[in-house]
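Here is what each chain is made of, one letter per residue.
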Amino acid sequence: MATDLTDFGNWLAVPSVVCLWAAVLLRAPGALRSPQQRGLWLAVATAAAAMTLNLPDVVSYAMSRGPGYAHTIGLVRNLIGVLSAGAVLYFVAATTRGRRLQRTACVATVAWLATLVALDAAAPDHGTHTMPPVGDPVPSLAYWLVLISAHVVANIVCVALCSRYSCRTESRGLAAGLRLFGLGTALAGLFWLAYLLKALFGSTWAMPALPLLMNLHGLLRAAAILVPTLFTLRRTCADIATTWRLWPLWRDLVEAVPHVALNKPRAWRVMELLWPPVPRNLLVYRKVIETRDAILILGEYVAPGALEEARGQVTGHGVPEQRATAAALARVLKEARQAMLDGAPGQPGEAAALELPAAIHTSQEGGDLADEARFLVDVAQAYAAPATTRK
């Protein structure tokens, strides 16, 4: 059982490292520009480097090159691990805006690194750094206690603050990132606590689970750093879906009222998504604003009471109020558009505009653009239905 657990943990090493490096590379452009994300990115990048040097194949290769090479790889791996622990503290301090904790993290990291180098230099000649199941730690017990203390302190502080601030923040993305990072850090903390038990008491019962703990920690940290990317991807997919659904209504209305559009409609809907005429994050905004402006102008071609009459024809039969309003608006919009294209005289004035439902005026008064977009998607769906054309 213990052997199977160790084998599975070792098998997970390469996928964990690959996921870490993929997350680091994907998040590098945005994270390096953001002070709040820079510490998290550095913590994950240094963890990825340390775990790369700890891969079984890398360790075997280092051992085959001789004691000196194995020693260098082991020392560099441990120093990068301590740098990762310091970056963890810095990330938590940056997220919680703790200036004192940021300074403490920097000073403690420098002290830990200097102490490790000094203890390594003072130890007798040795090869790779290890804590064997039987025998004394290499290069020394003091070296390993300093190394373990760096990780345990950083992990305990990180888990506590991630748990506290993930419950306080209003940002779903930040809360998810903190929880994932805190959970991954907790697994890393268990890893180093097992090493502490081994160093102080010779306890080895938890050693078979250590590769699994470390590599699961890597996967969770990769997921944590990718949370902003996943939220952005979800928002982009939602914007694409909204634009796709709005496009037929927008195109028809803009053809009748072309001056409301910033750009001329393209021949195919897919072109609007593949090569948007405006920055992609403004695509839904432009479609909603231009559709609303066209509706307000076409309101001059809606006869007084026509919207209420149309609403009366579609209400009932269990239709929700917003859907009924959308269907009624779609019906009168078809008639108003056709009247405008036929050259019929409009009815300018405030009365005609007031006939439009309140949802269309919401964003003008500081309302939610997303709510307006959802309403207009309902209008577009009803507009495309043949039943919106009155005989």
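The present account deals with the structure reproduced in this document. The structure displayed is predicted, hence computed values, not measured ones.

What counts as what
- Residues numbered from 1 in each chain as written.
- Predicted model: local features only at pLDDT ≥ 70, side-chain atom pairs only at ≥ 80, totals over all residues.
- Heavy atoms only, no water.
- 1 Å grid on protein atoms, 1.4 Å probe; cavity = no way out; pocket = protein on both sides within 12 Å on 5 of 7 lines; lining within 4 Å.
- Points joined across faces, edges and corners; volume = space filled by probe spheres on them.
- Helix = DSSP H or I, 4+ residues; strand = E, 2+ residues; numbered from the N terminus.
- Nonpolar A, V, L, I, M, F, W, Y, C, P; charged D, E, K, R; others polar.
- Buried < 20%, exposed > 50% of the residue type's maximum accessible area, 1.4 Å probe, protein only.
- Axes fitted to C-alpha atoms, helices over the stretch in contact; angles between N-to-C directions.
- Parallel < 35°, antiparallel > 145°, perpendicular 65-115°, else oblique.
- Left-handed = near helix turned anticlockwise from the far one by under 90°.
- Contact = heavy atoms within 4.5 Å.

A closer look at empty space enclosed by the protein
Gaps left between atoms show up when a probe the size of a water molecule is rolled over them. A complete count under the given rule lists one cavity of 30 Å³ or more for this structure. Roughly 40 Å³ of internal volume is contained in the largest cavity. Taken together, Trp-250, Leu-262, Asn-263, Pro-277, Val-278, Arg-286, Lys-287 and Glu-290 form the lining of the largest cavity. Per-element tally for the lining of the largest cavity: the top contributor is helix H11 (residues 283-298), with three residues. Among the residues forming the lining of the largest cavity, the class breakdown is four nonpolar, one polar and three charged.

Things to note about the side chain of Gln-102
Within the secondary structure, Gln-102 is located in helix H6 (residues 99-122). Since its relative accessible area comes to 12%, Gln-102 is described here as buried.

With respect to unusual backbone geometry
With an omega of 10 degrees, the peptide bond running from Val-138 to Pro-139 counts as cis. With respect to the secondary-structure elements, Pro-139 resides in the loop between H6 and helix H7 (141-168).

Structural notes on the packing of helix H9 (residues 210-256) against helix H16 (residues 369-384)
Orientation of H9 relative to H16, taken along the N-to-C sense of each, is 60 degrees, at an axis distance of 9 Å. With respect to each other, H9 and H16 are oriented oblique. Between H9 and H16 the crossing geometry is left-handed. Contacts between H9 and H16 involve Thr-242, Arg-245, Leu-246, Leu-249 and Asp-252 from the former and Ala-373, Leu-376, Val-377, Val-379, Ala-380 and Tyr-383 from the latter. The class makeup of the residues in the contact of H9 with H16 is eight nonpolar, one polar and two charged.

So yeah, pure geometry; function would need other evidence.
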